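Analysis of the macromolecular model
Chain by chain, the residues:
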Amino acid sequence: MTNVIASAAQALLTAYGGVPIAPLTETWPKLTSAQAYDIQLRQVEHWTSQGRLLRGHKVGLTSAVMQRQLGVDRPDYGHVFADMFHPESSPIVADQFISPKVEPEIAFVLRSTLQGPGVTAAAAVAAVDYVLPALEIIDSRIDDWRITLPDTIADNASSAGVVLGTRARRVDEIDLALSGCTLCLNDRPVATGAGAAVLGSPLNALVWLANTVGPLGISLEAGSVILPGSLTAAAPVTPGTHVTASFGDMGSVTAKFISLEDNQ
């Protein structure tokens, strides 16, 4: 199995060059979720050895709509690196991705470290410095998004990029479960949702993450950005797409996608 993990990790790393690969679960039909996390961590080790800086984690597949959209039945998690963050003011070259989609999320920024197991909702609230409106860019190094749960886990939970809004709010200022969101592409509403879609509340996703990675010796460090999952179904984007996610009292976050030619 060590050879499988190494081979799968290398195949995914190579796919970042722009050519997706067949589903890992077609190449290795007996691949388990536990083995898929080993594949993910093998890539994380490679990236950190190359100097990439870990800035946080993401939780994926926390809403029923996203689980239906991607054909999976439980959450997963991935790693978020500093070079994955894009300022709102900077256009994003869509061509750097294979098949990008966007998801509106409520991002947590931690004041103090969270270490599971045994993290409660109260402990999670105490550890959060503030929340921000966010757009997560997801992408799949698996051809045509033909993924099962092990496929997306191995592919770093299909993570690709993050855009954070600028209006910070304390957790006690808002009701995370009731916070609504409208996702617009080119000023046209394409999806609506609320925080309750994310495991009942985005806070529950933060608790789940801390208690899931804690037994593996992983802590959620102070200053980390945690993406708890999408409030709506993911929407595909292409060059020329302008995305806005509006969160009511939390404000909004925008992203503009351009082509490589437009960036030159």
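All values reported here derive from a predicted model rather than from experimental measurement.

Examining the nonpolar core
Among the nonpolar cores identified, the biggest contains 68 residues, and Leu24, Ile39, Leu206, Leu220 and Phe257 are the most heavily contacted of them. Broken down by element, the residue count for this core peaks at seven residues, all from helix H7 (residues 202-213). Leu13, Phe85, Ala107 and Leu227 belong to the second largest nonpolar core, which has 15 residues in total.

Describing helix H3 (residues 33-49)
The terminal C-alpha atoms of H3, which comprises 17 residues, lie 24 Å apart, in line with the 24 Å expected from a rise of 1.5 Å per residue. The complete set of buried residues in H3 reads Gln35, Ala36, Tyr37, Ile39, Gln40, Gln43, Val44 and Trp47. In the core, the buried residues of H3 are packed alongside helix H1 (2-15), helix H2 (24-27), strand S2 (76-81) and helix H6 (149-154). A positive backbone phi angle near 100° is found at Gly51, which sits one or two residues after H3.

Re the environment of Val207
By the secondary structure assignment, Val207 is in helix H7. Judged by its relative accessible area of 14%, Val207 is buried. Between the alpha carbons of Val207 and Pro117 there is a distance of 9.3 Å; along the sequence they are 90 residues apart. Not counting residues within four places of it along the chain, the set of residues in contact with Val207 comprises Val119, Thr120, Ala121 and Ala124.

What about the pairing of strand S4 (residues 101-110)?
Burial of S4 is extensive: ten of the ten residues sit out of reach of the surface. Where S4 meets strand S5 (residues 128-138), ten bridges bridge the pair, whose relative direction is antiparallel. Bridge pairing links Val109 to Tyr130 in S5. Bridge count for S4 against strand S9 (residues 225-227) is two bridges, and the pairing is antiparallel. Bridge pairing in S9 places Val109 opposite Val225.

Digging into the sheet that holds strand S3 (residues 92-93)
The five strands are arranged S3-S12-S11-S7-S8 in an open sheet whose pairing can be described as mixed. At either margin of the open sheet sits one strand with a lone partner, and together these are S3 and strand S8 (188-194). Two elements, S3 and strand S12 (residues 252-258), share two bridges in a ladder whose sense is parallel. In the sheet register, Ile92 faces S12, and the bridge partner there is Phe257.

Observations concerning the environment of Ile258
For Ile258, the location among the structural elements is in strand S12. The class for Ile258 is buried, based on a relative accessible area of 10%. Considering only alpha carbons, one finds Ile258 and Ala205, 53 residues apart in sequence, at a separation of 32 Å.

Some words on the packing of aromatic side chains
Overall, the coordinates contain three aromatic pairs when judged by the stated rule. Here the aromatic rings of Trp47 and Phe81 are separated by 5.6 Å at their centres, their planes lie at 80°, and the arrangement is edge-to-face. In this pair, Trp47 is assigned in helix H3 and Phe81 in strand S2, connecting sequence segments 34 residues apart. For the pair shown, Trp47 and Phe81 are each scored as buried. Three or more aromatic residues link up through ring pairs in this structure, and these residues are Tyr16, Trp47 and Phe81. The ring of Trp47 carries Arg52 above its face, with NZ or CZ at 5.1 Å from the centroid. The lysine or arginine in question, Arg55, covers the ring of Phe85, its NZ or CZ lying 4.2 Å from the ring centre.

Calculation notes
- Residues numbered from 1 in each chain as written.
- Predicted model: local features only at pLDDT ≥ 70, side-chain atom pairs only at ≥ 80, totals over all residues.
- Heavy atoms only, no water.
- Core = buried A, V, L, I, M, F, W, Y, C linked by side-chain atoms within 4.5 Å.
- Buried < 20%, exposed > 50% of the residue type's maximum accessible area, 1.4 Å probe, protein only.
- Helix = DSSP H or I, 4+ residues; strand = E, 2+ residues; numbered from the N terminus.
- Expected span 1.5 Å × (residues − 1).
- Contact = heavy atoms within 4.5 Å.
- Pairing = 2+ DSSP bridges.
- Phe/Tyr/Trp six-rings, centres within 6.5 Å; stacked < 30°, edge-to-face > 60°.
- Lys NZ or Arg CZ within 6 Å of the ring centre and 35° of its normal.

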